[in-house]
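Take a look at the letters that make up each chain.
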Amino acid sequence: MTKKLFWEDPYLTQIETRITSLKENDITVEQTIFYALSGGQESDSGMIGNCRVLRARKEGKEIVYTLEDGHGLKPGDPVRMKIDWERRYRLMRLHFAAEIILELVYRNLDSIKKIGAHIAQDKARIDFEWDANISKVFPVIKKEALEIIEANREIISAFSDEENEERYWEIREFSRVPCGGTHLRKTGEIGEIELKRKNIGKGKERIEIYVSETSMLV
Ligand SMILES: [Zn+2]
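All values derive from a computational prediction rather than experimental measurement. (Residues numbered from 1 in each chain as written. Predicted model: local features only at pLDDT ≥ 70, side-chain atom pairs only at ≥ 80, totals over all residues. Heavy atoms only, no water.)

K.L.:
How would you sum up the overall build of the protein? Please name residues and give values.
P.N.:
For the protein, the count of helices and strands is three helices and 15 strands. Relative to a compact globule of 218 residues, whose C-alpha radius of gyration would be 17 Å, the protein shows 19 Å and is just as compact. Taking the principal axes of the C-alpha coordinates as reference, the protein spans close to 55 × 35 × 35 Å. Here the protein holds 218 residues, and the buried ones make up 49% of them. At a minimum sequence separation of 6, the contacts of the protein that also span at least 24 residues come to 65%. Of the roughly 11100 Å² that the protein leaves accessible, carbon and sulfur atoms contribute 46%. (Helix = DSSP H or I, 4+ residues; strand = E, 2+ residues; numbered from the N terminus. Rg over C-alpha atoms; globule rule 2.2 N^0.38 Å. Buried < 20%, exposed > 50% of the residue type's maximum accessible area, 1.4 Å probe, protein only. Contact = heavy atoms within 4.5 Å. Areas by Shrake-Rupley, 256 points an atom, 1.4 Å probe, with all protein chains shown as cover.)

Next up, the structure:
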């Protein structure tokens, strides 16, 4: 089983690891910092050895990486794994912005239902079942989100059930939410946020979330 260092320390950008299995271009490794699409957060991009990773996917609790042709690797080989940190950090900032916005939507709109979410490098989106124009609550939600971001609150990420790899994030006196994504250390790293509304069909509303180029604390 691959040891998932992206949970222990989501700020690692490269590690030394070892190939544990290999089938054509699909490999598994001893330990990894390379996240695979899950919970709406897109996979990382990066390198294993001298090869670009074309795809990362979860198979149960395992993560399988597909490499380019001609990698020349074999089981047991030590390799350096490196992720595109600029991409990952933006995914982490957008992911946590979306976490906070979702919590605040739940608090401000009774009985609203989330029907989807996706976090990409340029923006995050959350889809809801909701009959009215959701942008009416944007001023309130944005103000509340900014208070949390500017307060630079600590974000705790930990296992609720290590055996089953169930994790949560928590901001004390705000919220505790199950999630297996990679999370920031502090809310201030999110930086400035922008919200956009999209109507995606009858009774369906989408919130798109954008973050500034750099976080306010960098
Ligand atoms: Zn999360």
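K.L.:
Describe the sheet that holds strand E10 (residues 124–129), listing the residues and the values that go with them.
P.N.:
With respect to topology, four strands assemble into an open sheet ordered E9-E10-E15-E14, the strand pairing being antiparallel. On the outer flanks of this sheet lie strand E9 (113–119) and strand E14 (193–199), each paired with one strand and no other. Adjacent strand axes in the sheet meet at a mean angle of 20° when their direction is disregarded. In terms of strand pairing, E9 meets E10 through six bridges, oriented antiparallel. (Pairing = 2+ DSSP bridges. Axes fitted to C-alpha atoms, helices over the stretch in contact; angles between N-to-C directions.)

K.L.:
Tell me about the coordination of the zinc ion, residues and numbers included.
P.N.:
Around the zinc ion, the protein contributes the donor atoms His 95 (NE2), Glu 99 (OE), Cys 179 (SG) and His 183 (NE2), at 1.7 to 2.2 Å from the metal centre. The site at the zinc ion holds four donor atoms, and with the angles between them running 101 to 121°, its shape is tetrahedral. Counting residues between consecutive donors of the zinc ion along the chain gives the motif H-x3-E-x79-C-x3-H. Here the residue His 95 occupies a position in helix H2 (residues 85–108), and Cys 179 occupies one in the loop between strand E13 (175–178) and E14, the gap between them amounting to 84 residues. (Donors = N, O, S within 2.8 Å, 3.2 Å for Na, K, Ca; no water. Tetrahedral: all angles 85-135°; square planar, octahedral: opposite > 155°, others 65-115°.)

K.L.:
Which residues make up the nonpolar core, and what values do they have?
P.N.:
Judged by nonpolar contacts, the single largest core of 39 residues is most densely connected at Ile 101, Ile 190, Ile 207 and Ile 209. Contributing elements (two or more residues each) for this core: H2, E10, helix H3 (138–150), strand E12 (166–171), E14 and strand E15 (204–211). Ranked by residues supplied to this core, first place goes to H2 with twelve residues. Apart from the residues lying within four places of it in its own chain, the contact partners of Ile 209 are Leu 94, Ala 97, Ala 98, Ile 101, Lys 123, Ala 124, Ile 126, Glu 194 and Leu 195. Core analysis: the next-biggest nonpolar cluster, separate from the first, contains 22 residues, Trp 7, Ile 15, Leu 67 and Ile 83 among them. (Core = buried A, V, L, I, M, F, W, Y, C linked by side-chain atoms within 4.5 Å.)

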